[in-house]
Amino acid sequence: METKKFGGYKSAVGAFLCIFVNLGVASTIGVFLPYLAEKINQPIGTVSLVVTIATLAAFVASFIIPKVNAKLGPKGTLGICLILAFPYFLMSAFAQNMAMLAIHGIAGGFFLSWGTTATCSIIVSNWFIEKRSSVLGVVLGGGAFGAAVFQMIAGTLCERAGVTTAYLVILVCAVVIPGLANLLLIRDPAKVGQKALGWEKAQQQTATAGELPGVPFGSALKSASFWLCMIAIICCGPLITGFQTFATSYWRSFGMDGGAASTWVSIWSAIGCVATIILGQVANKLGNKVFMTIINVCYIIGMVFAIFWPANQMTSFIILAVLFVGFSYPLTTSVPATLCTESFGPKEYAKIVSWFVAALYLGKALASPLISGIVNATGSYVNAFVILAVLSGVSLILILVAIVASPYQKILRQQKN
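Scoring rules and cut-offs
- Residues numbered from 1 in each chain as written.
- Predicted model: local features only at pLDDT ≥ 70, side-chain atom pairs only at ≥ 80, totals over all residues.
- Heavy atoms only, no water.
- Helix = DSSP H or I, 4+ residues; strand = E, 2+ residues; numbered from the N terminus.
- Buried < 20%, exposed > 50% of the residue type's maximum accessible area, 1.4 Å probe, protein only.
- Contact = heavy atoms within 4.5 Å.
- 1 Å grid on protein atoms, 1.4 Å probe; cavity = no way out; pocket = protein on both sides within 12 Å on 5 of 7 lines; lining within 4 Å.
- Points joined across faces, edges and corners; volume = space filled by probe spheres on them.
- Nonpolar A, V, L, I, M, F, W, Y, C, P; charged D, E, K, R; others polar.
- Core = buried A, V, L, I, M, F, W, Y, C linked by side-chain atoms within 4.5 Å.
- Salt bridge = Lys/Arg side-chain N within 4 Å of Asp/Glu carboxyl O.

Peer 1: Quick rundown of the environment of Asn182? Include the residues and the values.
Peer 2: Position of Asn182 among the secondary structure elements: in helix H8 (residues 163–184). Among the residues examined, Asn182 registers a relative accessible area of 8% and is labelled buried. Spatially, the C-alpha atoms of Asn182 and Leu400 are 36 Å apart, while their sequence positions differ by 218 residues. Residues within four places of Asn182 in sequence aside, it is in contact with Lys75, Leu78, Gly79 and Arg187.

Here it is as structure tokens:
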């Protein structure tokens, strides 16, 4: 029998390109908001509701994705995203009212849910048992890289060519690059007669030959660990989304120039890309509990520097805030996949991770109302950032308890004994 070249790395490159483009183009809404508000003659606050609509649509889509992936596989799901890209970007390119932007938001939510973290992590999970954390870190790091690139492209095109042309260029990118990656690079190991890297070692960990180790979905759903994970992930949701959405306004409220504030956010995105890749290697070598601890502690430290910056406005405080919060960027990408693998194993990964991704989107949907409510009630962004730091601490405690108490970890401990 002819030995085939392992196709996992090629598929991982395809997944990286998909998440690079799809998360990258989705992140441009912050750039487009003032142009869209001017285009349809509505306040930015009203137009920003499209973000909430998109996030809630992504939350709903997360519960549907297991059935879609079960029937069509990740390649088919990514193919649907190519279709969703048209209403997503055309409705905003030619928007005349909030109704058209609402359609943009709904299509964008399904596009974001089906074309990014959940589907791309399944591609990696199908191909990798060994090195999963490190490969997943590289793939998911594409989202931060894409955000930095496409925000710059969107801002430049809006100024020089107008919002309609900018959206049409982004539409072409969102169709052509993921489409070619899906067609030429991404494969299903079962359909090409291959198995995941590390299959043999995983097979030794289970009593049932030919099955992946782990906890069935029904058993996971009944465990306390599952619901602790859900709550922890919901707490994670507002952390990066809240910082990314409000950092510019926070710094500007204390006198920083708008251009400088935007530059710091771009630097933060670039650091987030590098951090996601590096920390994936850390997770692979030191374990997921260490990984989760590092990213939450980094977030808390970074927010402390951000909180105390207004008192002295030292540049070093901004640098340290951006650096540490940048290294916590995996909180918005890697947490569902990491917790699913660590707490319940690869047996029914796709079903369980879809719930965790839904929890993440629910947390992200809460970010804007939570922070806006705190700012309106107290008149201070500082208080909102303090709440975010506290949420990170709560999330870390829940994550560590959930992992230790998880049924999969109990199985592994019994096997060692």
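Peer 1: Which residues make up empty space enclosed by the protein, and what are the values?
Peer 2: The tally for this structure, following the rule as stated, stands at three cavities of 30 Å³ or more. Considered as a void within the structure, the largest cavity measures approximately 80 Å³ in volume. Forming the boundary of the largest cavity are 13 residues, of which Ser133, Gly137, Phe291, Ser334 and Thr338 lie nearest the centre. Taken together, the elements giving at least two residues each to the lining of the largest cavity come down to helix H7 (132–160), helix H12 (258–286) and helix H13 (288–312). Split into classes, the residues belonging to the lining of the largest cavity amount to six nonpolar, seven polar and no charged. Here the second largest cavity is characterised by a volume of approximately 40 Å³. Forming the boundary of the second largest cavity are Leu23, Thr117, Thr332, Val357, Leu360, Tyr361 and Lys364. For the lining of the second largest cavity, the element with the highest residue contribution is helix H16 (residues 349–378), accounting for four residues. Its residues assigned to classes, the lining of the second largest cavity shows four nonpolar, two polar and one charged.

Peer 1: Lay out the nonpolar core in plain terms, naming residues and giving numbers.
Peer 2: Soluble globular proteins tend to bury their nonpolar side chains together. Core analysis: the biggest nonpolar cluster contains 131 residues, and Phe32, Phe89, Phe243, Trp251, Tyr299 and Phe356 have the highest contact counts within it. The greatest single-element share of this core, amounting to 14 residues, is contributed by helix H11 (residues 224–253). If we skip the residues at most four places from it in the chain, Phe243 touches Pro238, Trp251, Trp268, Tyr299, Met303, Val325, Phe385 and Leu388.

Peer 1: Go over the pattern of salt bridges with me, naming the residues and quoting the values.
Peer 2: Throughout the structure, instances matching the rule amount to one salt bridge. Taking the shortest distance from any N to any O, the salt bridge between Lys351 and Glu348 comes out at 3.3 Å. On the accessibility criterion, Lys351 (42% relative accessible area) is partly exposed. On the basis of relative accessibility, which here comes to 22%, the residue Glu348 falls in the partly exposed class.

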